[in-house]
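Listed below are the residues making up each chain.
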Amino acid sequence: MNKIPFSLEIIAPPINTPYENFKDDLEDFIELNPSFIGVPTIDKINMDKRSFELTRYIQNDLSYTAMAHLPAKFMTQKHVADTLNSFTNSGVREILVVGGEVRDEAKIYSDFPYANQLMSFIREYSSDFHVTGACHPRGVEGNGDLAREMEDIKRKIDSGCQQLISQVFFDNEDFYRFKEAYEKENFKIPVLAGVMPVLSRGVINFMVSRNHTRLSPELEKILEKYANDPASLRQAGLEHSMEQIDKLLGCEIDGLHLYTMNDVLASKEIYMAFRN
């Protein structure tokens with residue numbers, strides 16, 4: 001059984017949904033014993049009542065390590081300070097700082113144009129927080145510009161970043177190239193490989209477009225073969241994801257971060273394969 005760190009990301013339910021309705025799933029995820037459970041701020045307009053509230057609920061009510069996601073572009077200094085204060089009071093210490101993807105009508109502020117600026121603010125505010133940043137195996141624009149990606153990572157490390165989580169990737173070759181470039185820079189902070197189970201053609205195509213990533217040739221064949229058979233696609237995609245993870249383990253990754261899409265059953269299967 002391998003002992004590489006294993007962490008999860010879950011999506012907060014719609015606003016005003018009682019957490020009791022979500023508690024069974026949360027407890028199922030906790031049974032997988034992840035290093036932490038991350039909660040992204042997909043809904044920037046209601047981030048306080050969705051993502052941040054769920055983060056505090058996991059940490060405080062369920063007594064499990066939760067990681068908050070702070071989107072730099074969408075927060076003012078006062079909002080960040082108030083949020084950090086609430087996290088301090090509820091025991092949240094893990095924070096992932098991202099630039100913030102523009103997808104809805106949420107207002108963009110000028111206080112933190114870049115993620116590293118928010119990292120510096122957090123480190124100056126309190127040394128109690130463990131700050132994580134995002135990295136991009138194909139570069140932030142998805143064009144393979146790893147020189148620029150390494151420059152961005154250096155700025156994050158200089159600003160207090162203590163760990164990186166990669167955006168989701170579907171071709172291990174992209175991560176291998178990224179890892180090689182990262183190691184040449186002699187950076188020392190750990191990089192967690194971000195993987196998403198292949199369960200739906202629509203979701204995968206959306207993630208490829210959103211994250212400027214690409215499919216492996218093997219995955220392209222699976223999506224084409226089962227284009228009209230969702231059940232078979234889910235099974236073949238899940239098997240492919242487990243093979244992807246198995247190959248990643250062979251290149252000495254620092255940890256695995258699973259983008260669960262709140263699918264408990266798939267997450268359990270992947271966890272069992274990962275641990276064994």
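Q: So what exactly am I meant to see when it comes to the overall build of the protein chain here?
A: When helices and strands are tallied, the protein chain shows 10 helices and 8 strands. Whereas a compact globule of 276 residues would reach a radius of gyration of roughly 19 Å, the protein chain reaches 18 Å, a difference of no more than 12%. Overall, the protein chain is about 50 × 45 × 40 Å in size when its C-alpha atoms are taken along their principal axes. Looking at the protein chain residue by residue over its 276 residues, the buried ones come to 53%. Restricting to contacts in the protein chain with at least 6 residues of sequence separation, those with at least 24 account for 79%. Accessible surface computed for the protein chain: about 12,900 Å², of which carbon and sulfur atoms make up 46%. On the protein chain, the mean spot of the 30 positive side-chain charges and the mean spot of the 42 negative ones are 3 Å from each other.

Q: So what exactly am I meant to see when it comes to the packing of aromatic side chains here?
A: Within this structure, the stated rule accounts for 9 aromatic pairs. Judged by centre distance (5.3 Å) and plane angle (65°), the ring pair of Phe 112 and Phe 121 falls under edge-to-face. Given a relative accessible area of 2%, Phe 112 falls into the buried group. Phe 121 sits in the buried class, given a relative accessible area of 18%. An aromatic cluster is defined as three or more aromatic residues linked by ring pairs; in this entry it consists of Phe 169, Phe 175, Phe 178, Tyr 182 and Phe 187.

Q: Where do I start with helix 1 (residues 23-30) in this structure?
A: Count 3.6 residues to each turn of an α-helix, and residues three or four apart come out pointing the same way. Every buried residue of helix 1 is listed here: Leu 26, Phe 29 and Ile 30. Projected onto a plane normal to the axis of helix 1, the buried residues spread over an arc of 100° and lie on a single side. Among the structural elements, strand 1 (6-9), strand 2 (37-39), helix 2 (48-61) and helix 10 (264-275) are those in contact with the buried residues of helix 1.

Q: Which parts of the structure should I look at to understand unusual backbone geometry?
A: Most peptide bonds take the trans form, and the phi angle of most residues other than glycine is negative. At Asn 33, a residue that is not glycine, the phi angle is positive and equals roughly 55°. Its location among the elements puts Asn 33 in the loop between helix 1 and strand 2. If you check the backbone angles, Glu 252 has positive phi at about 60° while not being a glycine. Inspection of the secondary structure puts Glu 252 in the loop between helix 9 (230-249) and strand 8 (255-259). Owing to a relative accessible area of 65%, Glu 252 belongs among the exposed residues under this scheme.

Q: Mind showing me how you'd approach the sheet that holds strand 3 (residues 66-71) here?
A: Sheet strands line up and pair through hydrogen bonds in the backbone, either parallel or antiparallel. Pairing in this closed barrel of 8 strands is parallel, and the strands run 1-2-3-4-5-6-7-8 around the ring. Averaged over neighbouring strand pairs, the angle between their axes works out to 30° when direction is ignored. Where strand 7 (residues 191-195) meets strand 8, 4 bridges bridge the pair, whose relative direction is parallel. Along strand 8, the bridge assignment pairs Ala 193 with Leu 256. Against the sheet, helix 2 touches strand 2 and strand 3, its axis set at about 160° to strand 3.

Q: For this particular structure, what's the right way to read the pairing of strand 5 (residues 130-135)?
A: Two faces, one strand: in a regular strand the side chains alternate between the faces of the sheet. Counting buried positions along strand 5 gives 5 out of 6 residues, so the element sits mostly inside the fold. Sheet analysis places strand 4 (residues 94-98) next to strand 5, joined by 4 bridges and oriented parallel. Considered in strand 5, the bridge of Leu 96 is made with Thr 132. Two elements, strand 5 and strand 6 (residues 163-166), share 4 bridges in a ladder whose sense is parallel. Opposite Ala 134, over in strand 6, you have Ile 165 as the bridge partner.

Q: Please explain the pairing of strand 7 as it appears in this structure.
A: Here strand 7 lies mainly inside the structure; 5 of its 5 residues are buried. Burial of the side chains of strand 7 extends over both faces: Val 191, Ala 193 and Val 195 are buried on one face and Leu 192 and Gly 194 on the other. Pairing of strand 6 with strand 7, which is carried by 2 bridges, proceeds in the parallel orientation. Residue Leu 164 lies in a different strand from strand 7, and its bridge partner there is Val 191. Chirality of the crossover, the property in question, places the unit of strand 6, helix 6 (residues 172-184) and strand 7 among those that are right-handed.

Q: Sorry, what's going on with the packing of helix 9 against helix 10 here?
A: Two numbers describe a pair of packed helices, the interaxial angle and the distance between the axes. With their axes 10 Å apart at the nearest point, helix 9 and helix 10 run at an angle of 35° to one another. You can see that helix 9 and helix 10 cross each other, and the crossing is right-handed. Where helix 9 abuts helix 10, its residues Arg 234, Leu 238, Ser 241, Met 242, Ile 245 and Leu 249 lie against Leu 265, Ala 266, Glu 269, Ile 270, Ala 273 and Phe 274. Classifying every residue of the contact of helix 9 with helix 10 gives 9 nonpolar, 1 polar and 2 charged.

What counts, and where the lines are drawn
- Residues numbered from 1 in each chain as written.
- Predicted model: local features only at pLDDT ≥ 70, side-chain atom pairs only at ≥ 80, totals over all residues.
- Heavy atoms only, no water.
- Helix = DSSP H or I, 4+ residues; strand = E, 2+ residues; numbered from the N terminus.
- Rg over C-alpha atoms; globule rule 2.2 N^0.38 Å.
- Buried < 20%, exposed > 50% of the residue type's maximum accessible area, 1.4 Å probe, protein only.
- Contact = heavy atoms within 4.5 Å.
- Areas by Shrake-Rupley, 256 points an atom, 1.4 Å probe, with all protein chains shown as cover.
- Lys, Arg positive; Asp, Glu negative; His and termini not counted.
- Charge placed at Lys NZ, Arg CZ, Asp CG, Glu CD.
- Phe/Tyr/Trp six-rings, centres within 6.5 Å; stacked < 30°, edge-to-face > 60°.
- Arc of directions from axis to C-beta.
- Pairing = 2+ DSSP bridges.
- Axes fitted to C-alpha atoms, helices over the stretch in contact; angles between N-to-C directions.
- Right-handed = clockwise from strand over helix to strand, strands pointing away.
- Left-handed = near helix turned anticlockwise from the far one by under 90°.
- Nonpolar A, V, L, I, M, F, W, Y, C, P; charged D, E, K, R; others polar.

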